Amino acid sequence: QVQMVESGGGLVQAGGSLRLSCTASGRIFSINGMGWYRQAPGKQRELVAGIISGGNTNYADSVKGRFGISRDTAKRTLYLQMNSLKPEDTAVYYCAADSGGSRWFGQGTQVTVSS
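Q: Help me out: how do you make sense of the pairing of strand E9 (residues 91-99) in this one?
A: Across a regular strand the side chains alternate sides, sitting on one face of the sheet and then on the other. The buried count for E9 comes to seven of nine residues, which makes it a mostly enclosed element. With three bridges joining them, E9 and strand E11 (residues 109-114) adopt antiparallel strand pairing. Counterpart to Val 92 in the pairing with E11 is Gln 110. Summarising the sheet, E9 and strand E10 (residues 102-105) pair through four bridges and their orientation is antiparallel. Pairing of Ser 99 across the sheet is with Ser 102, part of E10.

Q: Mind showing me how you'd approach the environment of Gly 26 here?
A: Inspection of the secondary structure puts Gly 26 in strand E3 (residues 18-26). Residue class for Gly 26 comes out partly exposed when judged on its relative accessible area of 40%. In this structure the C-alpha to C-alpha distance between Gly 26 and Val 2, which are 24 residues apart in sequence, comes to 4.7 Å. Once residues lying within four places of it in the same chain are set aside, the contact partners of Gly 26 are Gln 1, Gln 3 and Arg 76.

Q: What exactly am I supposed to notice about the side chain of Ser 21 here?
A: Note on placement: Ser 21 falls in strand E3. The class for Ser 21 is buried, based on a relative accessible area of 18%.

Q: Would you take a moment to explain the state of the cysteines for this structure?
A: A complete count under the given rule lists one disulfide for this structure. Disulfide pairing places Cys 22 opposite Cys 95 at an S-S distance of 1.9 Å. Every disulfide takes its handedness from the sign of the S-S torsion; for Cys 22 and Cys 95 that torsion is 45°, giving right-handed. Taken as a pair, Cys 22 in strand E3 and Cys 95 in strand E9 lie far apart in primary sequence, 73 residues in all. The exposure class assigned to Cys 22 is buried, which follows from its relative accessible area of 0%.

Q: How do you make sense of the nonpolar core when you look at a structure like this?
A: One recurring pattern in soluble globular proteins: nonpolar side chains tend to sit buried together. The biggest cluster of nonpolar side chains holds 29 residues, and the ones touching the most others in it are Trp 36, Leu 80, Met 82 and Tyr 93. At the level of elements, strand E1 (2-7), E3, strand E4 (34-39), strand E5 (46-51), strand E7 (67-72), strand E8 (77-82), E9 and E11 are the ones that each hand at least two residues to this core.

Basis of the calculations
- Residue numbers run consecutively from 1 along every chain, following the written order of its sequence.
- For this predicted model, a pLDDT threshold of at least 70 governs which residues receive local features, and a threshold of 80 or more governs which side-chain atom pairs are given and counted, while totals over whole chains, interfaces and linings are taken from all residues.
- Derived side-chain values reflect all non-hydrogen atoms in the structure, with water molecules and hydrogen atoms excluded from consideration.
- Each residue gets one of three labels from its accessible area relative to the maximum for its type: buried under 20%, exposed over 50%, partly exposed in between, using a 1.4 Å probe on protein chains only.
- By definition, any uninterrupted DSSP run of H or I lasting at least four residues is a helix, any uninterrupted run of E lasting at least two residues is a strand, and each is numbered from the N terminus.
- Strands were regarded as paired on the criterion that DSSP finds at least two bridges between them.
- Contact between two residues is taken to exist if any of their heavy atoms lie within 4.5 Å; hydrogens are not considered.
- Disulfides are defined in this document as cysteine sulfur pairs within 2.5 Å.
- Throughout this description, the term nonpolar core refers to a set of buried Ala, Val, Leu, Ile, Met, Phe, Trp, Tyr and Cys residues connected via side-chain atoms within 4.5 Å.

Bear in mind that shape data such as this cannot, by itself, settle questions of function.
Dropping the structure here:
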């Protein structure tokens, strides 16, 4: 069993920044890829950014140049730096980790961007 706990969400004005954090704990043998997803009301969950063990990253087109994903392997912590936030970034953000053949999600943290 793997637990993922996110933090750092909140309310911010358009153009502002937020930094999300996510820490993994539990029976973790190794973590391969990690990523951030988001789900806005009435929409499907989508991948925002991902990072694999070698450090390669990928981003949704909608956030390229504004968001940055990073990880601290020793601390089992994942980060998402979000800059130049837009109202359309409003969503519940979930972190995820691939470990033991499964993908584990956190409970989510709300990000609200006001115009």
